[in-house]
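# Coordinate analysis (summary)
Now for the letters of each chain:
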Amino acid sequence: MITLTLPDGQTRQYDQPVTGLDVAQSIGAGLAKAALAVKLDGDVRDLSRPITADANIEIITRKSADALELIRHDCAHVMAEAVQALFPGTQVTIGPAIENGFYYDFYREQPFSTADLEKIEAMMKQIISRNAPLVREEWRRDQAIQFFEQKGEAFKVELIRDLPETEVISIYRQGEWLDLCRGPHMPSTSHVGNAFKLMKVAGAYWRGDSKRPMLQRIYGTAWRDEKELQQYLTMLEEAEKRDHRKLGRELDLFHFQDEAAGSVFWHAKGWTVYRELENYVRRRIADAGYVEVHTPQLYDSCLFKASGHWDMYGDNMYKIFGPPGEDGKEGKSFGIKPMNCPGHVQIFNQGIKSYRDLPLRMAEFGNCHRNEAHGALHGLMRVRQMVQDDAHIFCTEDQIQSESVAFCGLLRRVYADLGFEVARVRLADRPAVRAGSDAVWDKAEAALHSALKAAGLPYDMNPGDGAFYGPKLEFYLRDAIGREWQCGTLQVDFVLPEKLGAEYAGADGQKHRPVMLHRAILGSLHRFIGIMIEHYAGKLPVWLAPVQAVVATITDDANDYAQKVFDALKAAGVRAEVDKRPEKINAKIRDHSLQKVPVIMVVGRKEADQQQVALRYLGGENQKTMSLTDALSEMAQLIARPDEKK
RNA sequence: GCUGCCAUAGCUCAGGGGUAGAGCACGUCCUUGGUAAGGACGGGGUCGGAGGUUCAAUUCCUCUUGGCAGCACCA
């Protein structure tokens, strides 16, 4: 007797093994028709597989949350069949469902072109309309290897060989075509529907390993219906409109050029945003008990050799080699700092530190250079020269927890001020290869766990992904169009203080090693500004906007008065401009709106006569006419920085 | 770094073996107009760089630099 429990708590009993389809049918013919798969105790399985034990069961239909993954995975199979039908000799590898869609990696000498994608799409539609059932078969290992070897599918053979002996080797057949696959799949290909689209072709390494062959990955997106697909495509368009590289140029914030690839030319407006943001963080961390320092750019290589960076990250560091000496000896070698930590330890090491000095929170907005690979560069998001809101907290092991709690609070405050929420926190714990004893790791990980609990932040684990020198927290924020960005980080470091000989005198009069917490809230200021530009679609909060108000005249008669308003705004600390061009007011409104200026103050003869301004907000439909005095006090409210607001 | 694609005016882009074109932007002039584009005229390009093929290259080929998408990387 098998007892199956439905989501609503109802139970059903069967005296012999049944399939998911049987269960659906026993509930209703309509459900059986709509069923795509079943979920047994949380595991999604084919509708046709026998159920042999008691379980909680849920019938998955197109409406279920799990349907998308099935649709996408099946779509990947359909695409693979289409590709092999159109391009014989192409080898298949793997093709999973991913966020928003799926991909499949192929091996073929000749690259796929964009035009090929259309052909593949057309073929996929044919395959789907053929509606072949997706049939699961279980094969013996040697049978599977022989079959794929005969077909010349070297990658599949490698996959099978690498499967553990205990693993069942399952094959899914759709008509003539079949693929090695763990499943699950929907009953037949027509369930894929037609709300899919092939998006792009790109290279991807076999098994993610840059030493192995480059495959061709075709990405597609797939949804339940046309409407969802359209929504997704619209979201992509929206993301494109917000692209910070485009807005950066249009709003005259910054530019890039070949002679300094990966470095930013900040224009006056962009630099205003940068300085505002940096100063904001500066005030916030000062309030939180940090001191700010500034350390050198260029160091003798011996420092980075001692810290371990020269060996570990040398390829990504900019190095300078001095001329050889007269005796023919090698010249000195230098490195431009890729991060601030070794410098901070040098400051810590000056004089004698006592436990009374701890925790010592040392911050720096230091310019760091990293020779990032060409392919990694991406606007402000990934640059070769950047500044982090970096700080190192020198503390005792016992202080890790309280410092982490305090940091979580500070980070939340900052994200909220900047218009974001913490979307996700992950705790990356000990990796296989690591420094430090297990006892110390236990303590550090426990401290981070309890810090997150004390801070009331839900989190999940990122097992084994900690740095070799200690566990870390990763903070993600979500932007206006739903994308997540990892910005904040807190890393516990047992290693660097030892390598660079940091110590303090404990209450016991003995020397002790401090622990270092590497932490950043925004991460790279460059990248964060990129994220903010996209989050706000260029319409930065008033306190960050490079130009906060423009005084625009209607006729020349108002020029003198406009100048007076402008002067008053400047005197009140507003970043203002005055527009006296002989253009119509419509054109002026349009120009400044496109420049995302938050406030436009229109002045004509009427306002000049009555010492008023017509104040109009960006994107607003109507305007408020008010006295200049009132306008100034309104502006004072608007430009208030988040940490200065009452 | 790897795979593919791309590079033409400040921007967005068209063109094509016989030394280039649009819209916007820019300049001058006219217009003084009340909340998202007023009008006329004009200036502007070694067609990313270096080689090669050719009578002739911006166009075809090779290399190189940079960009885009993805992969790898991200202390």
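Residues numbered from 1 in each chain as written. Chains lettered and ligands numbered in written order. Predicted model: local features only at pLDDT ≥ 70, side-chain atom pairs only at ≥ 80, totals over all residues. Heavy atoms only, no water.

What follows concerns the packing of helix H5 (residues 141–150) against helix H6 (residues 154–162). Remark: H5 packs on H6, axes separated minimally by 8 Å, with the N-to-C direction vectors making an angle of 165°. Judged on the interaxial angle alone, H6 and H5 are roughly antiparallel. H5 and H6 meet at a crossing whose hand is left-handed. Residues Arg 141, Ala 144, Ile 145, Phe 148 and Glu 149 of H5 pack against Lys 156, Val 157, Ile 160 and Arg 161 of H6. (Axes fitted to C-alpha atoms, helices over the stretch in contact; angles between N-to-C directions. Helix = DSSP H or I, 4+ residues; strand = E, 2+ residues; numbered from the N terminus. Parallel < 35°, antiparallel > 145°, perpendicular 65-115°, else oblique. Left-handed = near helix turned anticlockwise from the far one by under 90°. Contact = heavy atoms within 4.5 Å.)

To continue, consider the protein's contact with RNA strand B. Near RNA strand B you find 52 residues, and of these Tyr 205, His 374, Ile 554, Asp 556 and Glu 607 are the closest. At the protein interface, 49% of the atoms of RNA strand B within 4 Å belong to sugar or phosphate. The side chain of Arg 245 places a nitrogen or oxygen atom 2.9 Å from a phosphate oxygen of RNA strand B. The contact in question runs from a base nitrogen of RNA strand B to an N or O atom on the side chain of Arg 370, over 3.5 Å. Mapped by element, the contributors of at least two residues to the surface near RNA strand B are strand E14 (196–205), strand E15 (214–222), helix H8 (244–250), helix H11 (309–313), helix H18 (585–594), helix H19 (605–610) and strand E36 (612–617). (Near = heavy atom within 4 Å. Polar contact = N/O pair within 3.5 Å; in protein donor to acceptor, adjacent residues only side chain to side chain.)

A few words now on the pattern of salt bridges. Considering all chains together, one arrives at 48 salt bridges under this definition. In this structure, Asp 442 engages Arg 430 in a salt bridge whose closest nitrogen and oxygen atoms are separated by 2.6 Å. Taken as a pair, Asp 442 in helix H14 (residues 438–455) and Arg 430 in the loop between strand E26 (422–428) and H14 lie far apart in primary sequence, 12 residues in all. In this structure, Asp 479 and Arg 483 form a salt bridge, with 2.9 Å as the shortest nitrogen-oxygen distance. Bridged by salt links that share partners, the residues Arg 430, Arg 434, Asp 438, Asp 442 and Glu 445 form one connected network. (Salt bridge = Lys/Arg side-chain N within 4 Å of Asp/Glu carboxyl O.)

So, on to the packing of aromatic side chains. According to the stated counting rule, one finds 21 aromatic pairs in the structure shown. Through a chain of ring-to-ring contacts, three or more aromatic side chains come together here, namely Phe 254, Phe 256, Trp 266, Trp 271 and Tyr 274. Taking the ring centre of Phe 196 as reference, the NZ or CZ of Lys 125 above it sits at 5.5 Å. (Phe/Tyr/Trp six-rings, centres within 6.5 Å; stacked < 30°, edge-to-face > 60°. Lys NZ or Arg CZ within 6 Å of the ring centre and 35° of its normal.)

It is worth spelling out a nonpolar patch on the surface at this point. On the surface, Met 312, Tyr 313 and Phe 468 cluster together into a nonpolar patch covering about 300 Å² of accessible area. The residue Tyr 313 is located in helix H11 in this model. (Patch = residues over 30% accessible without salt bridge, like charges linked within 9 Å, V, L, I, M, F, W, Y side chains within 5 Å. Areas by Shrake-Rupley, 256 points an atom, 1.4 Å probe, with all protein chains shown as cover.)

Geometry only, nothing functional implied.
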